[in-house]
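Structural description and commentary
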Number of protein chains: 2
Amino acid sequence: MIHSLSLSDVLADHARSRPGVTAVVDGATRLTYPELDARVTRLAGALAGLGVGGGDRVLWLGRNSHAVLELLLACSRLGAVCCPANWRQSEDELRFVLADLTPSVVVWEPSDTTAALRGSGPGTWVRAGDEYERLIADASPREFPQVPDAEPVLALYTAGFGGRPCAALLSSAALIAHATSLLVVRQMEPGFTFLNSGPLYHVGTMMFCLATLQIGGTNVFTPAFDAEEVCRLVDAERVTQAFLFGPMIDAVAKANADGAYDLSSLRFVTHSAEWDDMITVDGSPWCRSKMGGYGQTEVGGMLTFLGLAEGGAGFAGRPNPLVQVRLLAPDGVEVPVGEVGEICARGKTLFSGYFARPDLNAAKSAYGWHHTGDLGRRELDGTITFIGPKLRMIKSGAENVYPAEVERALASHPAVAGAAVIGVPDPVWQQAVKAVVALHPGGTATGDELIGHVQALLASYKKPREVVFVDEIPKRGPTPDYDALDAAHGGGGYPGH
Amino acid sequence: MIHSLSLSDVLADHARSRPGVTAVVDGATRLTYPELDARVTRLAGALAGLGVGGGDRVLWLGRNSHAVLELLLACSRLGAVCCPANWRQSEDELRFVLADLTPSVVVWEPSDTTAALRGSGPGTWVRAGDEYERLIADASPREFPQVPDAEPVLALYTAGFGGRPCAALLSSAALIAHATSLLVVRQMEPGFTFLNSGPLYHVGTMMFCLATLQIGGTNVFTPAFDAEEVCRLVDAERVTQAFLFGPMIDAVAKANADGAYDLSSLRFVTHSAEWDDMITVDGSPWCRSKMGGYGQTEVGGMLTFLGLAEGGAGFAGRPNPLVQVRLLAPDGVEVPVGEVGEICARGKTLFSGYFARPDLNAAKSAYGWHHTGDLGRRELDGTITFIGPKLRMIKSGAENVYPAEVERALASHPAVAGAAVIGVPDPVWQQAVKAVVALHPGGTATGDELIGHVQALLASYKKPREVVFVDEIPKRGPTPDYDALDAAHGGGGYPGH
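The rules behind these values
One numbering rule holds for all chains: residues counted from 1, following each sequence as written. Written order determines the labels here, with chains lettered from A and ligands numbered from 1. Per-residue local features of the predicted model are confined to residues with pLDDT of at least 70, and side-chain atom pairs are confined, for both listing and counting, to 80 or more; whole-chain, interface and lining totals are unaffected and use all residues. As a rule here, side-chain values come from all non-hydrogen atoms in the structure, and water together with hydrogens is ignored. Between buried and exposed lies partly exposed: a residue is buried under 20% and exposed over 50% of the maximum accessible area for its type, with that area taken using a 1.4 Å probe on protein chains only. Only DSSP runs of H or I with at least four residues qualify as helices, and only runs of E with at least two residues qualify as strands; both kinds are numbered from the N terminus onward. This arc corresponds to the set of directions leading from the helix axis out to the C-beta atoms. Whether two residues are in contact is decided by their heavy atoms: any pair within 4.5 Å suffices. Only residues with pLDDT of at least 70 in both copies contribute their C-alpha atoms to the least-squares superposition of the copies. Put simply, buried area is how much 1.4 Å-probe accessible surface two parts lose in total, over both of them, once they are put together. A pairing counts as a salt bridge when a side-chain nitrogen of Lys or Arg comes within 4 Å of a carboxyl oxygen of Asp or Glu. These domain boundaries are the output of an automatic or database domain assignment. Axes, fitted as lines to C-alpha atoms, cover a helix only where it is in contact. Angles between the N-to-C directions of the axes lie from 0 to 180 degrees. Left-handed describes a crossing whose near helix is turned anticlockwise from the far helix by less than a right angle; the clockwise case is right-handed. Three categories are distinguished: nonpolar for Ala, Val, Leu, Ile, Met, Phe, Trp, Tyr, Cys and Pro, charged for Asp, Glu, Lys and Arg, and polar for the others, with Gly belonging to the last. Any angle that is under 35 degrees is reported as roughly parallel, and any over 145 degrees as roughly antiparallel; angles of 65 to 115 degrees are reported as roughly perpendicular and all others as oblique. UniProt positions are given in the numbering used here, feature names are shortened, and annotations may be inferred rather than shown by experiment. Two strands make a pair as long as DSSP finds a minimum of two bridges between them.

All names here are of chain A. If you check which residues of helix α10 (residues 246–255) are buried, you get Met-248, Ile-249, Val-252 and Ala-253. All buried residues of α10 project into a common sector of 135° when viewed along the axis, lining one side. For α10, exposure combined with an orientation more than 90 degrees from the buried face picks out Pro-247 and Lys-254. Considering only its buried residues, α10 is in contact with α9 (227–237), β12 (267–268) and α11 (273–278).

Okay, the relation of the copies chain A and chain B next. Laying chain A over chain B is done by rotating through 180° and shifting 0.1 Å along the axis; what remains is an RMSD of 0.2 Å. Taken together, the rotation angle and the small translation identify this as a two-fold axis. Residues of chain A ranked by C-alpha distance from the rotation axis are headed by Val184(A), positioned 2.4 Å from it. The share of interface residues of chain A whose copies in chain B are also at the interface is 100%, consistent with both copies meeting through the same surface.

What follows is about the interface of chain A and chain B. Tallying the contact residues gives 53 residues for chain A and 53 residues for chain B. Approximately 4,100 Å² of surface area, both sides summed, lies buried where chain A meets chain B, with 52% of it carried by carbon and sulfur atoms. Contact with chain B buries area across many residues of chain A, yet Ile2(A), His3(A) and Arg16(A) alone supply 16% of it, more than any other trio. Here chain A and chain B share 8 salt bridges between them. Of the charged contacts in the structure, one is a salt bridge between Arg16(B) and Glu334(A), with a shortest N-O distance of 2.6 Å.

This part covers the domain arrangement of chain A. Residues and elements named next belong to chain A. Segmentation of chain A into domains returns domain 1 (7–224), domain 2 (293–389) and domain 3 (402–489). When each unit is reduced to the centre of its C-alpha atoms, the spacing between domain 2 and domain 3 is 26 Å. Taken together, the contact between domain 2 and domain 3 spans 10 residues of the former and 7 residues of the latter. Carbon and sulfur atoms supply 61% of the area buried between domain 2 and domain 3, which totals about 680 Å² over both sides. Together, Val-340, Leu-375 and Ile-387 form the three largest contributors to the area buried by domain 2 at its contact with domain 3, with a combined 53%.

This part covers the packing of helix α2 (residues 33–49) of chain B against helix α3 (residues 66–78) of chain B. All names here are of chain B. Contact geometry of α2 with α3 gives a least axis separation of 8 Å together with a crossing angle of 65°. For the pair α2 and α3, the sense of crossing is right-handed. Between α2, through Leu-36, Asp-37, Arg-39, Val-40, Thr-41, Leu-43, Ala-44, Leu-47 and Ala-48, and α3, the contact on the second element is made entirely by His-66, Glu-70, Leu-71, Leu-73, Ala-74, Arg-77 and Leu-78. Of the residues contributing to the contact of α2 with α3, the split by class is 10 nonpolar, 2 polar and 4 charged.

This part takes up the packing of α2(B) against helix α6 (residues 130–138) of chain B. All names here are of chain B. Their axes nearest at 8 Å, the elements α2 and α6 cross at an angle of 95°. If you check the angle between α2 and α6, you find them roughly perpendicular. In this structure, α2 contributes Arg-39, Arg-42, Leu-43 and Ala-46 to the contact, and α6 contributes Tyr-132, Glu-133, Leu-135, Ile-136 and Ala-137. Residue composition of the contact of α2 with α6, grouped by class: 6 nonpolar, no polar and 3 charged.

Our focus in this paragraph is the environment of Glu237(A). Residue and element names in this part refer to chain A. Residue placement: Glu-237 occurs in helix α9. Taking relative accessible area as the criterion, Glu-237 reaches 18% and is therefore assigned buried. Taking the C-alpha atoms as reference points, Glu-237 and Val-147, 90 residues apart in sequence, are found 34 Å from one another. Residues within four places of Glu-237 in sequence aside, it is in contact with Val-25, Arg-30, Thr-193 and Val-220.

Moving on: α9(A). Residue and element names in this part refer to chain A. Within α9, the full set of buried residues consists of Ala-227, Val-230, Cys-231, Leu-233, Val-234 and Glu-237. Among the structural elements, β1 (22–26), β2 (29–32), β9 (193–196), β10 (218–221) and α10 are those in contact with the buried residues of α9. The positive-phi residue at the C-terminal boundary of α9 is Arg-238, with phi of around 50°.

Residues annotated in UniProt with the feature "domain: AMP-binding enzyme C-terminal" (unreviewed entry) correspond here to residues 405–475 of chain A. Measuring from the first to the last C-alpha atom of residues 405–475 of chain A gives 17 Å, for a span that is 25% helix and 37% strand.

Turning our eyes to something else, we now look at the sheet that holds strand β14 (residues 293–296) of chain A. Residues and elements named next belong to chain A. Here we have 3 strands laid out as an open sheet, ordered β14-β15-β16, and antiparallel in their pairing. The sheet is open, and its two edges are formed by β14 and β16 (318–319), each paired on a single side. Relative to β16, strand β15 (residues 301–305) runs antiparallel, the two sharing 2 bridges. Its bridge partner lying in β16, Phe-305 is registered against Arg-318.

Structure below.
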């Protein structure tokens, strides 16, 4: 246990090393590290009093709040798991989360949905705000034995397998390793002040919240994104960074068009002339690269950083310094440079599997590597290109064909508005590649022309044998609706299906 | 094993992610990461062929060389332990190392000492240079099963307990965690080029060599420090950082007084006007703080960083972000802020104990904390002051008195040239504090005056009851020779002795 360092341990050290530093700002609430530590100690005692023990889950259903960080730290102290869930989901979706996670305690903010669910789910329900504060006030501080940092402490719901989301479990060790990698690439220093202006149930915000904790900085919380409020908080709290991207940045720049707020403390990525004038453009590798890379919840956040590969060929960059990345074929063998394989990983930032999904966990960790479910390619300079989700692989003449790769090749033809690639059963080759293509209005291209276009870009066995034209590619979310395409165009015979 | 990341794993990833990056420069030798990886694979096979297996030791007796890094990485691949030893030790001292470490393989550079020892010690002796190169050339590449990163991989001899040095064992996990903390505080980026101009048997050089590996930078090796050669290498290799301090910096600045070499690639700490003009003064926390902090081999290098505590009261700064620090009394209880206690630590960078010292290891990890053997104090602002080595504590009237603290108080008197504090047996208080003081030539002070001086600075029970004056304080290395002082001035009755 001498090598263990949990989130709770990090807090305990900051309480000693940074007695005067503000850990948390949330509305009228301001807590120094010793104050946060004292509240977490009481909260851990209170949760234990409600029956929360090692491995038990505590669910947060509400907007952003410092209470999320407190619950996470209290769970770390107890060996329990904190799950901040997306409270904007439908009643049916939240009902699924409650049944799936079976939390011992639910801390909830009132809304139509949560009010309807209250009492229907398992566990003790504690209302955020008054009831939560009373819980802390009434608790006696209590010491708990040290919890190994390999224990899961955070659960974040992520992409559905089989139509329903899964809770990715992250340990203190993984979260701290990932936070440290952000400190490196983002060159975060003491005094770093992060505005949690994105949702804490998403790893993109959570990972910066925890990196800020790691370096002993200040986390500022706001219930939800509001451009004017972001301006006010950046000015008032001298915020160093916030969770902002494209349209959010435009909204903030617009809200501050009159320069009423001083946003110069914000060290941020360049975006527009107007924005760059308001802020301090950050020269750290993270911001030099416009914050790019490839990531997913299951690896704690970022698996690769564009900032580690300036001028590289692959637009996902190079691996996080605390992981290894391999591009593997379905049989677990590494594919050659320039070939497409599944992005697989090992290392310090990796998750501990999905909660209560033993079969899926076994499949995702085949051959001792975490399988991301996404396809990538290693470029000649060693950088990595993200191709797209793996979804269903086509098997043709013993070769693996990934629809995403062929779709990218088709989409590079000027006449093509959209393309989806499916596999159709073939008596000789097991499957044949079939392309479903939508052309731009006024665009013209024959099937043979498109097949030739693909053949010029990819290995010959990947080219479609047949192209059918449609007005529009059916979608499910951001990706083609392969079930609908298979049904409409004769798809089938996929390996393992 | 999906969470494991060994030094060998880091190399394997760089070989894929950085095929064109120079990993190593050493005289005429230049190796890219894939070339280094290929050599390490062959070397691991060759060492296995010589009988090196999990837990076995490989000893390096020679000057700095890229072979040290290769041997360390090959040991990581095998689960073995690499020990670069101080070859400038006496024949007797090296004989002790050989008997203590019982290495399976010794790679040695010819010298009077090594030639005399060859054959007398255990293991296979391989001469650096020709024999070492032949070993690599003759080996067949071989794959080995993944080694858990908690296994020790590096042994560095450090401070003697009982008069003889001990080999501190460091795991891949600890070395990688420490390297990452240096990436944070030193803001190291891809392209970082480190000149190994200090000895690799010392953690101060080794920790930067490994941080450079971690970020995929370039390690430049030079057999030993030479000011002119440092200038040449910095210029030729565009070196970012070198292992240099005070007098070495002056020597380099002098060697380049005519500006013949371009040292502007060196991002380094400010030192003198002449030096600052030659280099690029580095604004990272590490260099802003003039590289200060507190460390020891047993914590992988730096336990605290001055760069994390700008303007703080304690001159050792704040803890490494990947450790916890506590100041503990001998009974394992934390001492209050402002009081002196032993600097103790837990966390990711900590060593795995000393090789073959079970009793010492148990004592050093009492109460679940690594005991550094050094004294410190937590200041009101949370920063840490390093006081001095613990050595023998005095027990007076149930209070703990640490000689180093009283000695510092005495030394602050203008007339005092040196001071040592011992405990003498006391029938009532167990021990009484006695000071042995040497005055500056021409300095005058009475015993009562010095006792009053200490009383003004420290708690009353810490003041000496008696002061004796001597011409010179006997020393053993940098610290007073307490055994000689006890014998000469009636010391004794120490707790636990």
